[in-house]
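Residue-level structural notes
What follows is each chain in one-letter form.
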Amino acid sequence: QVQLVESGGGMVQAGVSLRLSCASSGPTFSSYFMGWFLQAPGKEREFVAAESWSSGSTYYADSVKGRFTISRDSAKNTIYLQMNSLNAENTDVYCCAAAARSRRGTTRSTDFDTWGQGTQVTVSS
């Protein structure tokens, strides 16, 4: 089973960029549909972005289109979330997740089976 480890979070000022990483120590991501979600304590997970490893198709929440970019490095078995023009509303815990490849295109958190522990992003205004 794939295991996910996020990194790259931190405390930044509004307007700057940040890149999150999600690496796997297990099977290659090629068998999965990979996504990023928000996971604030006490709140439901909220979809941010996703990418099909096999086709390269990408999907974004309307709130981040044009500012966030999901990408992958097959050699490193890592996915990234490039976040530009951050604002205080982007403060949250960001989690990467893996779904079966057959669920390509889904934005529902319940369709994702494996989750990382999350990385905190705090944006000060």
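Further up the page is the structure itself.
My aim in this report is to walk through the structure given alongside it, one point at a time. (Residues numbered from 1 in each chain as written. Predicted model: local features only at pLDDT ≥ 70, side-chain atom pairs only at ≥ 80, totals over all residues. Heavy atoms only, no water.)

Topic: the pairing of strand β9 (residues 92-100)
- Counting buried positions over the nine residues of β9 gives eight, a clear majority of the element.
- Taken together, the seven bridges between strand β4 (residues 32-38) and β9 define a ladder with antiparallel strand orientation. Bridged to Phe37 within β9 is Cys95.
- Across three bridges, β9 lies against strand β11 (residues 119-124) in antiparallel orientation. In the sheet register, Tyr94 faces β11, and the bridge partner there is Thr119. (Buried < 20%, exposed > 50% of the residue type's maximum accessible area, 1.4 Å probe, protein only. Helix = DSSP H or I, 4+ residues; strand = E, 2+ residues; numbered from the N terminus. Pairing = 2+ DSSP bridges.)

Observations regarding the environment of Val123
- Its location among the elements puts Val123 in strand β11.
- Judged by its relative accessible area of 5%, Val123 falls in the buried class.
- Between the alpha carbons of Val123 and Gly10 there is a distance of 8.4 Å; along the sequence they are 113 residues apart.
- With residues up to four places along the chain from it excluded, the contact list for Val123 reads Val12, Gln13, Ala14, Leu86, Asn87, Ala88, Asn90 and Thr91. (Contact = heavy atoms within 4.5 Å.)

With respect to the sheet that holds strand β7 (residues 68-73)
- Judged by pairing direction, the sheet is antiparallel, and its four strands sit side by side in the order β1-β3-β8-β7 without closing on themselves. Whereas interior strands pair on both sides, the edge strands pair on one side only; in this sheet they are β1 (4-7) and β7. Each strand of the sheet is rotated relative to its neighbour by a mean of 20 degrees, with strand direction disregarded.
- With six bridges connecting them, β7 and strand β8 (residues 78-83) associate as antiparallel partners. Paired with Asp73 across the strands is Thr78, a residue of β8. (Axes fitted to C-alpha atoms, helices over the stretch in contact; angles between N-to-C directions.)

Notes on the environment of Ala100
- Summarising the element assignment, Ala100 is placed in strand β9.
- Ala100 sits in the partly exposed class, given a relative accessible area of 27%.
- It is 5.9 Å that separates the C-alpha atoms of Ala100 and Phe33, two residues lying 67 residues apart in sequence.
- Setting aside residues up to four positions removed in sequence, Ala100 forms contacts with Ser31, Phe33 and Asp113.

Some points on the packing of aromatic side chains
- Following the criterion strictly, the structure yields six aromatic pairs and no others.
- Centre to centre, the rings of Phe37 and Phe47 are 5.7 Å apart; their planes meet at 75 degrees, and the pair counts as edge-to-face. Here Phe37, found in strand β4, pairs with Phe47, found in strand β5 (residues 46-52); they are ten residues apart in sequence, far enough to count as distant.
- What makes Phe37 buried here is its relative accessible area of 1%.
- The exposure class of Phe47 is buried, given its relative accessible area of 11%.
- Ring pairs connect the aromatic residues Phe33, Phe37, Phe47, Tyr59, Phe112 and Trp115, which therefore count as one cluster. (Phe/Tyr/Trp six-rings, centres within 6.5 Å; stacked < 30°, edge-to-face > 60°.)

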